[in-house]
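For reference, the chains in residue letters:
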Amino acid sequence: MTGSPANGSSRREQQHPQYHTDRALLDELMAQEGPPSDWALAEVARLRIRYHGFPGAWDLQRDLDQILEQWGLSEEDLFARTRQIHARGQVYDRSFSTRDDWA
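Residues numbered from 1 in each chain as written. Predicted model: local features only at pLDDT ≥ 70, side-chain atom pairs only at ≥ 80, totals over all residues. Heavy atoms only, no water.

What follows deals with the side chain of Arg 50. Tracing the chain through its elements places Arg 50 in helix 2 (residues 38-51). Of note is the side chain of Arg 50, whose polar atom sits 2.7 Å from the side chain of Asp 22. (Helix = DSSP H or I, 4+ residues; strand = E, 2+ residues; numbered from the N terminus. Polar contact = N/O pair within 3.5 Å; in protein donor to acceptor, adjacent residues only side chain to side chain.)

Any two packed helices are characterised by the angle at which their axes cross and by the distance between the axes. Direction vectors running N to C along helix 2 and helix 4 (residues 75-88) enclose 120°, while the axes themselves pass 9 Å from each other. As judged from the angle between their axes, helix 2 and helix 4 are oblique. In terms of crossing hand, the pair formed by helix 2 and helix 4 is left-handed. Counted together, Asp 38, Leu 41, Ala 42, Val 44, Ala 45, Arg 48 and Ile 49 of helix 2 and Glu 75, Leu 78, Phe 79, Arg 81, Thr 82, Ile 85, His 86 and Arg 88 of helix 4 form the full contact between these two elements. In terms of residue class, the contact of helix 2 with helix 4 is built from eight nonpolar, two polar and five charged. (Axes fitted to C-alpha atoms, helices over the stretch in contact; angles between N-to-C directions. Parallel < 35°, antiparallel > 145°, perpendicular 65-115°, else oblique. Left-handed = near helix turned anticlockwise from the far one by under 90°. Contact = heavy atoms within 4.5 Å. Nonpolar A, V, L, I, M, F, W, Y, C, P; charged D, E, K, R; others polar.)

Moving on, we get to helix 3 (residues 58-71). Taking 1.5 Å of rise per residue, 14 residues should cover 20 Å, and helix 3 covers 20 Å from first to last C-alpha, within 8% of that figure. Within helix 3 the residues assigned to the buried category are Trp 58, Leu 60, Gln 61, Asp 63, Leu 64, Ile 67, Leu 68 and Trp 71. Check the buried side of helix 3 and you find it contacts helix 1 (19-31), helix 2 and helix 4. (Expected span 1.5 Å × (residues − 1). Buried < 20%, exposed > 50% of the residue type's maximum accessible area, 1.4 Å probe, protein only.)

Taken by themselves, the reported measurements are silent on function.
Here it is as structure tokens:
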């Protein structure tokens, strides 16, 4: 799913408007020890969706791959688990649920 353009490519890396917030969140998630919480799984799934096909933020995309490897999950496993989490109910607290932060 991820990877930077080949050397010598003329593609220009785009900067995502949420990059800095997402970078801080991903750094926090990568530093956590033990099995991932429902919230952590949901956040990684949300970031996978946000950066899918995005022409930039290669470091974030690489780290998202790395965290899934660290957790022993494929992207398919991640999405299956987060569908179950969301089917059970509210994942985010009330302060977050009023924000539309998927794009």
